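So the chains spell out like this:
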Amino acid sequence: MDRTDSAPRYLEVNGLVKYFGNDRAVDGISFGVDKGKFLTLLGPSGCGKTTTLMCIAGLHKPDAGEIGVGGTPFTSVAGRVFLPPERRDIGMVFQSYAIWPHMTVTQNVAYPLEIRKMDKAETGERVAEALRLVGLSDMAGKLATQLSGGQQQRAALARAIVFRPRLLLFDEPLSNLDLKLREQMRVELKRIQHEVGITSVYVTHDQAEALVMSDEIIVMSKGRIQQRGGPHDIYARPANRYVSNFIGVANLIEGRIARVSGPGRGEIEVSQGGQRVLLPCVLGEGLSDGSPAVLSVRPENVEALRDPDGGGPRLEGEVLQTIFLGNCLDCRVRWGDFEFKVLAPSRDRLRPGERVYLRLDPEHTLAVQP
Amino acid sequence: MSFVEVSGLIKRFGPEVAVNGVSLAVEQGDFVTLLGPSGCGKTTTLRCIAGLERPDGGEIRIEGEVVASAERGVCLNPEERNLGMVFQSYAVWPHMTVFDNVAYGLRVRRLGRAKIREKTAKALELVGLGHLAERYATKLSGGQRQRVALARAIVYNPRVVLFDEPLSNLDAKLREQMRIELSRLQHDVGITSIYVTHDQTEALVMSDRVVVMNRGVIQQVGDPYSIYAQPANAFVAGFIGVANLLEGTLLGRDGGLCEVEIPTGGAQPPLRLRAAGGESASAGQRIILSLRPEDIALHLSRPGDSANVMEGEVIDTVYLGNFLDCQVRVGAHEVGVQIDHYEHLAPRQRVYLTFRPDHGLCLTE
């Protein structure tokens, strides 16, 4: 996914800046998306993700930077270019479904084609195809108000894809749905996007959504990009403490790089409440001998052993709490004054009060920048 | 004798039998959960214990006292049973302080002022709200309101507290947190609890024992681990957690293990697999092989030494960070596999699934 060459990408955003008053909501970000790919802008509220999306849509005018799609310039502040939103040929799906209550599903979905003055026969064909894709063929004649929340969102999606736009933009489209439906819609939305092959930019604060759906994720904070990469890169190799904490669950302990043993390898020294240990780890970027660093290890990469034997360092601790979740056991283990989160196999049947020896998988023990 | 004893409970609504001969025993201090889908009879059973429904058959005893008996025509009123209740809508009064909310029931019962003060203070202390007694209910977090509801239920020193899906109105994050808090609280206070839910995770996290119900009948009783790891039948396996249920035939037994044949549909030969369980089945009988997604290993090339191999192709994957959920087509079956490490898998890619014979379980219906 990492591209260092400067070959143009389908969607290109360069040096984008947007102020609200004195507040720099988007602080000079650049990224690109290849044709047909699904990119997610992920971050907490106020990180600039939605503002970036609105700039792409043409609903905000940026203060600096350029945006272009497939060679067509949308915006160039320096070049005084600003293509109005209706001429950008973009499909959008929002949190609020924004479908017309007085129209049937078919009428709603046909609307963008009528504006474009498409003939009746082709409109009918395209609407039927869009409804099939989103699984609403049976609902075509229903009024929008007769649909459930999930179905309304499917109708909104059908309306966004029916005119085969150059780009699909999503602004937290699933956040009004309940958890079960949301989980199901994630997988389905991804499938539909894949099938229609329309380049998509998706905004969310929900990290699980981003992991499940995206080809590529950009993690944002305070108007800037913290990290970009495939879901697995972001999860397994977070660039810094911020990303590590925002995506998934991580045990984070402050420490210091004790030794660089090879390219990207080393040892981190951490101490907590009188306990001190040297742990082999994967070194993140910008870390060298003696630099302060944060140890980051996911609960599923910590093993709680009843027996200390075997090679490598072990952290001796006490099980404080176990929560049985069926497929796994969510444990808290005290080491010094640090509480490790450990995801253990249910079959281990750990109990509170037990003495255990933690083994941190060196392949997944990371040292990242503070 | 157990603290709460329900024997042969029957409750009909018109022609429909909502509870069909339920017997269960709850020990003092235990947290027992009635778990099942809607319409399984769990709430009706709870309401019979509470005295809100009159049973059509069977008997309910609390501390040896018969509170309901269809044969003897006994059915005590709810207030005569000395039980506490926490419902889904926890109905904490917004215009009252925490103290007044909890004291309300005692005032209605016309207890003396000193007595009310003493009992209320004790209940608030137990749920950890002593310092918030004078705060208005509107100023409380969702979790704190839940504690007020619990304090209100225990302020009379009830013999048992009954819970009817108390967490189902909370959002997902708060619910997760409250599960743990509530079960900790229950153990600290040491009060006997009967809890109704349709949420299997809630039941697994909170209970000492789980009673799984379906269609008015108890399917299995056990601690959370045994319910999950040794489900008694296909219903329990499918309802608790995620299970792949593959239908087949028991061929025979070898030592403690079953030899089973699972048709794949189509031209492929059937699978011959070895698994545990199946004690109640005999050779030639139809069985259901239950496999948990986390007990299946996925290989990119055919493993040489393993016996239980299922060849298939990837349908799709869902990456969740800590797990990779993968759907694999094995003949006509779709098998869900949960992998605890990342693996790049493309749709239609050929893969080989294996499982340890003692991790597969043969069930009957």
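The structure displayed is predicted, hence computed values, not measured ones. (Residues numbered from 1 in each chain as written. Chains lettered and ligands numbered in written order. Predicted model: local features only at pLDDT ≥ 70, side-chain atom pairs only at ≥ 80, totals over all residues.)

Asks: What should I look at first to understand the pairing of strand S9 (residues 200-204) of chain A in this one?
Replies: Regular strands place their side chains on alternate faces of the sheet. Residues and elements named next belong to chain A. With five of five residues buried, S9 is to be regarded as a mostly interior element. Neither face of S9 is open: one carries Ser200, Tyr202 and Thr204, the other Val201 and Val203, and all of them are buried. The pairing of strand S3 (residues 38-42) with S9 spans five bridges and is parallel. Residue pairing in the sheet places Phe38 in a bridge with Ser200 of S9. Relative to S9, strand S8 (residues 167-171) runs parallel, the two sharing four bridges. Opposite Leu169, over in S9, you have Val201 as the bridge partner. With helix H5 (residues 179-196) bridging S8 and its parallel neighbour S9, the resulting β-α-β unit is right-handed. (Buried ≥ 20, exposed ≤ 12 C-beta atoms within 10 Å, placed from the backbone. Helix = DSSP H or I, 4+ residues; strand = E, 2+ residues; numbered from the N terminus. Pairing = 2+ DSSP bridges. Right-handed = clockwise from strand over helix to strand, strands pointing away.)

Asks: Where do I start with the interface of chain A and chain B in this structure?
Replies: Much of the literature gives interface size as the accessible area that the parts lose upon coming together. Listed per partner, the contact involves 21 residues of chain A and 20 residues of chain B. Contributions of two or more residues to the side of chain A that touches chain B are made by H5, helix H6 (207-213), helix H7 (231-236) and strand S17 (315-324) of chain A. A per-element tally of the side of chain A that touches chain B places H7(A) first, with four residues. Per-class residue counts for the side of chain A that touches chain B are 13 nonpolar, five polar and three charged. (Contact = placed C-beta atoms within 7 Å. Nonpolar A, V, L, I, M, F, W, Y, C, P; charged D, E, K, R; others polar.)

Asks: Which parts of the structure should I look at to understand the environment of Leu132(B)?
Replies: All names here are of chain B. Summarising the element assignment, Leu132 is placed in the loop between helix H3 (113-126) and helix H4 (142-154). Residue Leu132 is classed as partly exposed on the basis of its C-beta count, with 18 C-beta atoms lying within 10 Å. Through-space distance from the C-alpha of Leu132 to that of Thr97 is 8.8 Å; in sequence the pair is 35 residues apart. Residues in contact with Leu132, not counting those within four places in the same chain, are Val98 and Gln144.

Asks: Just to check I follow, could you spell out the domain arrangement of chain B for this structure?
Replies: Residue and element names in this part refer to chain B. Domain boundaries in chain B define domain 1 (4-237) and domain 2 (242-363). Computed from C-alpha atoms alone, the centre-to-centre distance between domain 1 and domain 2 is 39 Å. Its residues assigned to classes, the side of domain 1 that touches domain 2 shows three nonpolar, one polar and no charged. (Domains from an automatic or database assignment.)

Asks: I keep staring at the sheet that holds strand S8 (residues 160-164) of chain B and nothing clicks. Help me out?
Replies: Backbone hydrogen bonds are what pair the strands of a sheet, in a parallel or an antiparallel way. All names here are of chain B. Pairing is mixed across the open sheet formed by six strands, whose spatial order is S7-S8-S9-S3-S10-S11. Unpaired on one side and paired on the other, strand S7 (83-86) and strand S11 (217-222) mark the two borders of the sheet. Geometrically, the sheet is characterised by an average inter-axis angle of 20° between neighbouring strands, direction not taken into account. Where strand S3 (residues 31-35) lies against strand S9 (residues 192-197), five bridges are found, and the strand directions are parallel. By the bridge assignment, Val32 is partnered in S9 with Ile194. (Axes fitted to C-alpha atoms, helices over the stretch in contact; angles between N-to-C directions.)

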